[in-house]
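The lines below spell out each chain.
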Amino acid sequence: MSGYAIDFQGLTKTFRTLRGPVEALRGLDLQVKPGEIFGYIGVNGAGKSTSIKVLLGLIRATAGAAWVFGEPAGSLAARRKIGYLPEVANYHEFMSAAELLMVHARLAGVPRALQAERCRDALDVVGLTARKHSRISEYSKGMKQRVGVAQALVSDPPLLILDELTSGLDPFAQRDLRDIMTRLKERNITVFFSSHHMSEVEAICDRAAIIHRGTLQACGTIPELTENRERVEMLWEAVHVSEPLSQISSLGEAAVATEGAHDFLQLALSRGYRLKRMNTKRTNLEDVFHSITRRIDEEVGACSLS
Amino acid sequence: MFSFLEIARVQLLENIRRQVHLVTLFMAAAMLILPAYVNAFSMGLKAFGLVTKDFGLTAISYYGIAMALLLGSSVVPRDIERKTIYPILSRPLGRVTYLGGQFLGTAVLVSGSVFLLTMCMGLGIASLSREWDSGLFAAAWGYSLESALVVAICMCFSVFASPPLAGVLGFFVYTIGGMPNAFIQFFLREDRGALWVADGVEALQRFVPNFAIFRLKYPVVHGIPIHPEYHLAESLYAFLWILMFLLIAGIRFETKDL
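These figures come from a predicted structure and were not determined experimentally. (Residues numbered from 1 in each chain as written. Chains lettered and ligands numbered in written order. Predicted model: local features only at pLDDT ≥ 70, side-chain atom pairs only at ≥ 80, totals over all residues. Heavy atoms only, no water.)

Trainee: Could you give an account of the interface of chain A and chain B, naming the residues involved and the relevant values?
Mentor: With 30 residues of chain A in contact, the opposing surface of chain B contributes 27 residues. Remark: the boundary between chain A and chain B carries 2 salt bridges. The partner of Glu6(B) in a salt bridge is Arg106(A), and the shortest N-O contact between them spans 3.1 Å. The interface formed by chain A and chain B contains 16 residue pairs in polar contact (both at pLDDT 80 or more). Contributions of two or more residues to the side of chain A that touches chain B are made by strand E1 (6–17), helix H1 (48–56), helix H2 (76–79), strand E6 (82–85), helix H3 (97–107) and helix H5 (141–153) of chain A. The leading source of residues in the side of chain A that touches chain B is H3(A), at 4 residues. (Contact = heavy atoms within 4.5 Å. Salt bridge = Lys/Arg side-chain N within 4 Å of Asp/Glu carboxyl O. Polar contact = N/O pair within 3.5 Å; in protein donor to acceptor, adjacent residues only side chain to side chain. Helix = DSSP H or I, 4+ residues; strand = E, 2+ residues; numbered from the N terminus.)

Trainee: Describe helix H9 (residues 261–270) of chain A, and please don't skip the residues or the numbers.
Mentor: Residue and element names in this part refer to chain A. The complete set of buried residues in H9 reads Ala261, Phe264 and Ala268. Along the long axis of H9, the arc covered by the buried residues comes to 60 degrees, so they all point the same way. Projecting away from the buried face of H9 at angles above 90 degrees are the exposed residues His262, Asp263 and Ser270. A positive backbone phi angle near 100 degrees is found at Gly272, which sits one or two residues after H9. (Buried < 20%, exposed > 50% of the residue type's maximum accessible area, 1.4 Å probe, protein only. Arc of directions from axis to C-beta.)

Trainee: I'd like to hear about the side chain of Arg95(B), residue by residue, with values.
Mentor: Position of Arg95(B) relative to the elements: it lies in helix H5 (residues 95–129). The buried charged residue Arg95(B) lacks any salt bridge, with Glu254(B) as its nearest oppositely charged partner at 5.1 Å. Those residues in contact with Arg95(B) that sit more than four places away from it in its chain are Gly57(A), Leu58(A), Ile59(A), Leu89(B), Phe253(B), Glu254(B), Thr255(B), Lys256(B) and Leu258(B). (Lys, Arg positive; Asp, Glu negative; His and termini not counted.)

Trainee: Report on helix H6 (residues 171–186) of chain A, specifying residues and quantitative values.
Mentor: All names here are of chain A. With 16 residues, H6 extends 23 Å from end C-alpha to end C-alpha; this agrees with the ideal 22 Å at 1.5 Å per step. When H6 is considered as a whole, its buried residues turn out to be Ala173, Gln174, Leu177, Ile180, Met181 and Leu184. Here the buried residues of H6 occupy an arc of 120 degrees about the axis, which is enough to place them on one side. In H6, the exposed positions angled more than 90 degrees off the buried face are occupied by Pro171, Phe172 and Glu186. Looking at the buried positions of H6, the neighbouring elements they touch are strand E3 (37–41), helix H4 (112–126), H5, strand E7 (159–163), strand E8 (190–195) and helix H7 (198–204). (Expected span 1.5 Å × (residues − 1).)

By themselves, these are just geometric observations and shouldn't be taken as functional.
Structure follows, in structure tokens:
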């Protein structure tokens, strides 16, 4: 029995469509430790939601397996340990937040004596106690997401899966939800959340994984992923260029690793470029993400051309 | 068990909020004034009662079936399309429980509407004739079972097909299953000579429920007593067919990627 909160082992999912099979996941291997906030990053269609749906038993894997705290993904035992906020969270809008939470407490099998307390607690965590009797249809998008987090929390699960939690929200609502996640960490809840916002993942996650084209491309702590590296960004002007350099874009921009910056500077000057501006920048998760996805896309493109 | 009832309750509330429910209230008002309308054209009290009951029960039957087709074929696909199904199915409950709850919530609403309309018609008749005909509810019970069965059929098809197709298939099964034998023999076979059509309908009728069992309009309108055991038998018949359609839906739905 694995000691992981989430354990994907060679997870593969192929959808059969009219245009032929589509591989959404290709042998995904990933482990999430209990108690950590884990960021799951990938472009649209990378396989994030598909792998989450496999965990919940909403779709079945073509090959491989997944476990939630040692229980087979999709089983009732596994689902008892999960609180889930879907990517597009639509609820019965005629209900109030308090009513919706009570419905979910009952569906989750929370003992009757504890239902009211759990609902109160979940509303308190997301800061909706004052508006708990308002209809969900009257809530803003940010408040609806908070209701979603509360319904995921109502069964007091050890694992929270949040699919695109802050997608489409204004900066204030995003910050509120980040604060909520930080509070959840203090309760020792494992938070597994997919996101497109790299800065958000960098700010609150213990570890993160980058998934692209259905396979895991990188996984580790943020310093491990960014390798604590710095790069030098330069802006050049072509004055009397004898031989153009491929590293310098048509707009005159170039970015090189710090260790190779001196040599590159000499070379560019000797080729007839004039330096207009230069500054150093720490490599962030977004740079790593872009570099990985671009490299994979280029490799796939090269393969398909050959 | 509690999950099943909770889903049914939410589904019932959701359905009540859909605008189709307003049509039920409109129909109920129509049923209240129908006896007075018929009375204005009737030639004596007996004809008034017969015509009102006949016409009213026919309208109630068609209304129940229309609601069953509309709601039964759309209730599950609607939940999938709006993605309200995801938070529910991520809970520790089986998909069969979900389907059963959805069925119960919808069937209760449709049956409730049928009884409401019947009661309104009964009140309308009683206000003129000073007599309460409790026999009307025998017919209403049959129509409720018929509508519930159509809900189960449409729900079953909706797991395999799109809502419009599920509705059409549900209507097809209802039409075939409810086609009177006299119609097949005298209209299709003898009058039109469409022998292969008649043979086809008779062959299909072996595989679909016999809806004629639930139609008690004639004995109710003409005051012919119905044995209480008949209600038990028709209920059991409907229950077994509903169970079978929900079971087929459940088997498919269990493995469906959502």
